[in-house]
Amino acid sequence: MRYSRKLPLIILLGLALATALLNTACKKSDDDSGKVYPGPAGITEISGTGATDCTLGRCDENRKIILKAENAEGTVVNRIDAVTQEERYYIHVAIPGAIDGFLNGDCCNFTDQLKLLDGKKVQFSGEYRDGCGQLLPMIGGEKIYFLKLSQLKEL
């Protein structure tokens, strides 16, 4: 069998082409506004660019909106905040296809109603706002945002 000098060149060209195709396919658009979030039904990605003023209060209206929920479903959970040790209410939503992927909204309002719904399935609408890293996940696949609810009802 005779060694071909062209074989290494063909392999390199193939790798370069595969890399170019992957880079093109995986490139994120600068404007992701209105993009459907690749996760739970009823949740849409609002903003993929820009920055939040992280000096703002925890549920300040001027925090950047990351996701929007419209008639999404989740479970109300009560847990102790890892940083402040305060009791907090979250709406917990599993991300389909992920073993440890969860979207948790640290609820900014509806507190009295959330206490009554602890551990129950709910349908909700609202805005997930940037947590600026102030909210510490309990597991690796967890994403946590502040959640300003506009609607909440038990299922």
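See the structure shown above.
Because the structure is a prediction, the values reported are computed rather than measured.

### Here's the deal with the side chain of R129
Alright, step 1. Position of R129 relative to the elements: it lies in strand 5 (residues 121–129).
Alright, step 2. Leave out the neighbours within four places in its chain, and R129 touches D60, E61, N62, R63, K64, I65, I66, Y145, F146 and K148.

### What to know about the nonpolar core
Alright, step 1. Residues I91, L103, F124, Y128, L149 and L152 are the most contacted members of the largest nonpolar core, which totals 21 residues.
Alright, step 2. Broken down by secondary-structure element, the contributors of at least two residues to this core are strand 2 (65–80), strand 3 (87–94), strand 4 (102–107), strand 5 and strand 6 (142–154).
Alright, step 3. The element that contributes the greatest number of residues to this core is strand 2, accounting for 5 residues.
Alright, step 4. By size, the runner-up hydrophobic cluster in this structure holds 5 residues, among which are Y90, C108, I144 and F146.

### Considering the state of the cysteines
Alright, step 1. With the rule as written, the count across this model stands at 2 disulfides.
Alright, step 2. Each sulfur of the disulfide joining C54 and C132 lies 2.1 Å from the other. Around the S-S axis, the bridge from C54 to C132 shows a dihedral of about -80 degrees and counts as left-handed. Linking C54 in the loop between strand 1 (43–45) and strand 2 with C132 in the loop between strand 5 and strand 6, this pair joins segments that are 78 residues apart in sequence.

### Re unusual backbone geometry
Excluding glycine, residues mostly have negative phi values, and the peptide bonds linking residues are mostly trans.
Alright, step 1. Of note, the phi angle at N71 is positive, near 55 degrees, even though the residue is not glycine.
Alright, step 2. Within the element layout of this structure, N71 appears in strand 2.
Alright, step 3. The exposure class of N71 is partly exposed, given its relative accessible area of 41%.
Alright, step 4. Even without glycine at this site, F110 takes up a positive phi of about 65 degrees.
Alright, step 5. If you trace the backbone, F110 turns up in the loop between strand 4 and helix 2 (111–116).
Alright, step 6. For F110, a relative accessible area of 28% corresponds to the partly exposed category.

Basis of the calculations
- Residues numbered from 1 in each chain as written.
- Predicted model: local features only at pLDDT ≥ 70, side-chain atom pairs only at ≥ 80, totals over all residues.
- Heavy atoms only, no water.
- Helix = DSSP H or I, 4+ residues; strand = E, 2+ residues; numbered from the N terminus.
- Contact = heavy atoms within 4.5 Å.
- Core = buried A, V, L, I, M, F, W, Y, C linked by side-chain atoms within 4.5 Å.
- Buried < 20%, exposed > 50% of the residue type's maximum accessible area, 1.4 Å probe, protein only.
- Disulfide = S-S within 2.5 Å.

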